[in-house]
Amino acid sequence: MIDMKQIKENVTNKINPQKKEESIKIERMDTKMTNSTKMVAAIGETIHIKGDVSGSESLVIHGHVEGNIDLKGHNVTIGKNGNVEANIIANNIIVEGKLDGDMNGNEKVIIKESGNVHGNIISPRVTLEDGALFKGSIEMEPRKIESVTQTSENKPEIPKEKPKRISA
Amino acid sequence: MAFISLKPVEKDSCESKSPLLFDVLSRINKNDFYEILDVGPATSTSIEYFNNYHCKIHICDCVTSLCEMTTETQDTASKLNCAFAKALGLYKHQKNKIGIILLWDLPNYLQPEILSALIQFLEQHTSKETIIHAYIHTARLMPASPAMYKIINTAHILKQNNSDNTTDCPGYYQDTLHKHMYPFRVMRSVLQANGIQEYLFHRKGFNT
């Protein structure tokens, strides 16, 4: 059978070999991306939500949210016009707008220049850009990052152990 | 508050060493958990500095509101305590005690009665090991409003004056400070080249 895809790929590779490298790079980046970055929901500027928000995808807020936001393992971004009165639990939290509430960022919390935050932060890494307004407490746990990097460094050893178990 | 004179001072920011501040901060190690209270605003470089430690920083950004407080408006102890709790974001249910308090140059700008009341208020959130850091102006004049301080690395701070004008300096001596900072007493002090005396205070009778 003739594989048209293969032919097309061969032709494009001959014409532009760099393109193949680029596509591989993109593919690799894509596989590295977590589910949290693949799907992003957005709350528009005119939307006003009163109540708790939870789910299994990342969220960008341009509107007004009053309540708790629980998106463990995913990212939450409050846009420049976003106004949130809520406690947020997420992987990465980026604030460009206004937030009145506490944040628990499993990986990182970033308050951008336009951000205005009144609340407490718990996260292993916190970044605040100059010009941002913040009032509250920041609890940082750098050891959490170290433990994450240590476990990821140990990961390649796992396949080595598996074949031993099979042969035994 | 003292009147504002017309003699301008440099509004530009200047970098300087702060040996006592970094002596205190060097006590924070990665194994212990520290609570730090900063009365100043949040700055990117200071947050970046504390990112390396397992600590909790209370960023109060309350310098302006504390400077506006007077014994006329807050004429009772309960009114004062309510105002401090609101400004500092510290309420009675705090789990841990604060280990380091960064007052920067705030004591120079508070009414002496307000300063005493503030220290008494802070005392309930401190332990025997708590250290207070402050800058006290020693010249006749000082900038009309408190400056903004940034920790820029492990030895230097950046001071940014918020005003071009100057005002009379209360010129606190050690004895006066002991009175206003009670029960904290001077632990160490260093006179810097710019005429600012850097102080560390600890609880009376406790030797570190």
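Every chain's residues receive numbers from 1 upward, in the order its sequence appears when written. Each chain gets a letter, beginning with A, and each ligand a number, beginning with 1, in the order they are written. Selection of residues for local features in this predicted model requires a pLDDT of at least 70, selection of side-chain atom pairs for listing and counting requires 80 or more, and totals for whole chains, interfaces and linings are taken over all residues. Side-chain descriptors were evaluated using all non-hydrogen atoms of the structure, hydrogens and water having been removed beforehand.

Trainee: What's the story with the overall build of chain A in this structure? I'm lost.
Mentor: A tally of regular secondary structure across chain A gives five helices and 14 strands. Three exposure classes are used, based on accessible area relative to the maximum for each residue type with a 1.4 Å probe and protein chains only: buried under 20%, partly exposed in between, and exposed over 50%. Counting all 168 residues of chain A, 31% fall into the buried class. Here a residue-residue contact requires only that any non-hydrogen atoms of the pair lie within 4.5 Å. Taking as baseline every contact in chain A between residues at least 6 positions apart, the subset at least 24 positions apart corresponds to 3%. Looking at chain A as shown, the accessible area adds up to about 11,100 Å², and 53% of this sits on carbon and sulfur atoms. Numbering of helices and strands runs from the N terminus; a helix is a DSSP stretch of H or I covering at least four residues, while a strand is a stretch of E covering at least two. Under the convention used here, a 1.4 Å probe and the Shrake-Rupley method define accessible areas, while residue burial counts only the protein chains that appear.

Trainee: In this structure, what is going on with the overall build of chain B? I would like to understand it.
Mentor: The helix and strand inventory of chain B stands at six helices and 12 strands. The reference for a compact globule is 2.2 Å times residues^0.38; the radius of gyration itself is calculated from the C-alpha atoms. A globule of 208 residues ought to have a C-alpha radius of gyration of about 17 Å, and chain B, at 16 Å, matches this closely. Residue burial in chain B is summarised as follows: out of 208 residues, 53% are buried. Taking as baseline every contact in chain B between residues at least 6 positions apart, the subset at least 24 positions apart corresponds to 70%. Carbon and sulfur atoms make up 50% of the accessible area of chain B, which amounts to about 9,700 Å² in all. Here the positive residues are Lys and Arg and the negative ones are Asp and Glu; neither His nor the chain ends is included. By convention, charge coordinates are those of NZ in Lys, CZ in Arg, CG in Asp, or CD in Glu. Distance between charge centres in chain B, computed from 20 positive and 20 negative side chains, equals 6 Å.

Trainee: It is not clear to me how the packing of helix H4 (residues 77-88) of chain B against helix H5 (residues 112-123) of chain B should be interpreted in this structure. Could you clarify?
Mentor: In a pair of packed helices, the angle between the axes and the distance between the axes together describe the arrangement. Residues and elements named next belong to chain B. Only the stretch in contact is used when fitting a helix axis, every axis being a line fitted to C-alpha atoms; angles between N-to-C directions are given from 0 to 180 degrees. Following both chains from N to C, one finds H4 and H5 inclined at 70°, their axes separated by 10 Å at the closest point. Between H4 and H5, the angle is such that the two are roughly perpendicular. For the crossing formed where H4 meets H5, the hand is right-handed. Across from Leu80, Asn81, Phe84, Ala85 and Leu88 in H4, the residues of H5 making contact are Ile114, Ala117, Leu118, Phe121 and Leu122. Throughout, the ten residues Ala, Val, Leu, Ile, Met, Phe, Trp, Tyr, Cys and Pro are labelled nonpolar, Asp, Glu, Lys and Arg are labelled charged, and all others, Gly among them, are labelled polar. Considering only residue class, the contact of H4 with H5 consists of nine nonpolar, one polar and no charged. Oblique is the label for any angle not under 35 degrees, not over 145, and not in the 65 to 115 range, which are roughly parallel, roughly antiparallel and roughly perpendicular in turn. For any helix crossing, the convention is left-handed if the near helix is rotated counterclockwise from the far helix by under a right angle, and right-handed if that rotation is clockwise.

Trainee: Help me understand the environment of A:Ile122, please; the structure alone is not making it clear to me.
Mentor: Residue and element names in this part refer to chain A. In this fold, isoleucine 122 is placed in strand E12 (residues 121-123). In the structure, isoleucine 122 is positioned 83 residues away from methionine 39 in sequence and 25 Å away in space, judged by C-alpha atoms. If we skip the residues at most four places from it in the chain, isoleucine 122 touches Met103, Asn104, Gly105, Glu139 and Glu141.

Trainee: Looking at this structure, I do not really get the sheet that holds strand E9 (residues 156-160) of chain B. What am I missing?
Mentor: The pairing of strands in a sheet comes from backbone hydrogen bonds and takes either a parallel or an antiparallel form. All names here are of chain B. Pairing is antiparallel across the open sheet formed by three strands, whose spatial order is E2-E9-E8. The open sheet has two free edges, formed respectively by strand E2 (13-17) and strand E8 (148-151), since each of these has just one partner strand. With strand direction ignored, the average angle separating the axes of adjacent strands in the sheet is 25°. Pairing between strands is defined by DSSP: at least two bridges between the two strands are required. In this structure, E2 lies alongside E9, joined through five bridges in antiparallel fashion. Bridge pairing in E9 places serine 16 opposite isoleucine 157.

Trainee: How do you make sense of the packing of aromatic side chains when you look at a structure like this?
Mentor: Each aromatic ring pair is specified by the distance between its two centres and by the angle formed by the two planes. All names here are of chain B. Pairing of aromatic rings covers Phe, Tyr and Trp, the last through its six-membered ring, and needs centres within 6.5 Å; plane angles under 30 degrees mean stacked, over 60 mean edge-to-face, and all others mean tilted. In total, this model carries eight aromatic pairs over all chains according to the counting rule given. The interplanar angle of 35° and the centroid separation of 5.1 Å between the aromatic rings of tyrosine 135 and tyrosine 149 together place this pair among those described as tilted. With tyrosine 135 in strand E6 (residues 126-137) and tyrosine 149 in strand E8, this residue pair connects regions lying 14 residues apart in the sequence. Note on accessibility: tyrosine 135 and tyrosine 149 belong to one class, buried. An aromatic cluster is built from Phe22, Tyr49, Phe50 and Tyr53, whose rings are joined through pairwise contacts.

All we've got here are geometric facts, nothing functional implied.
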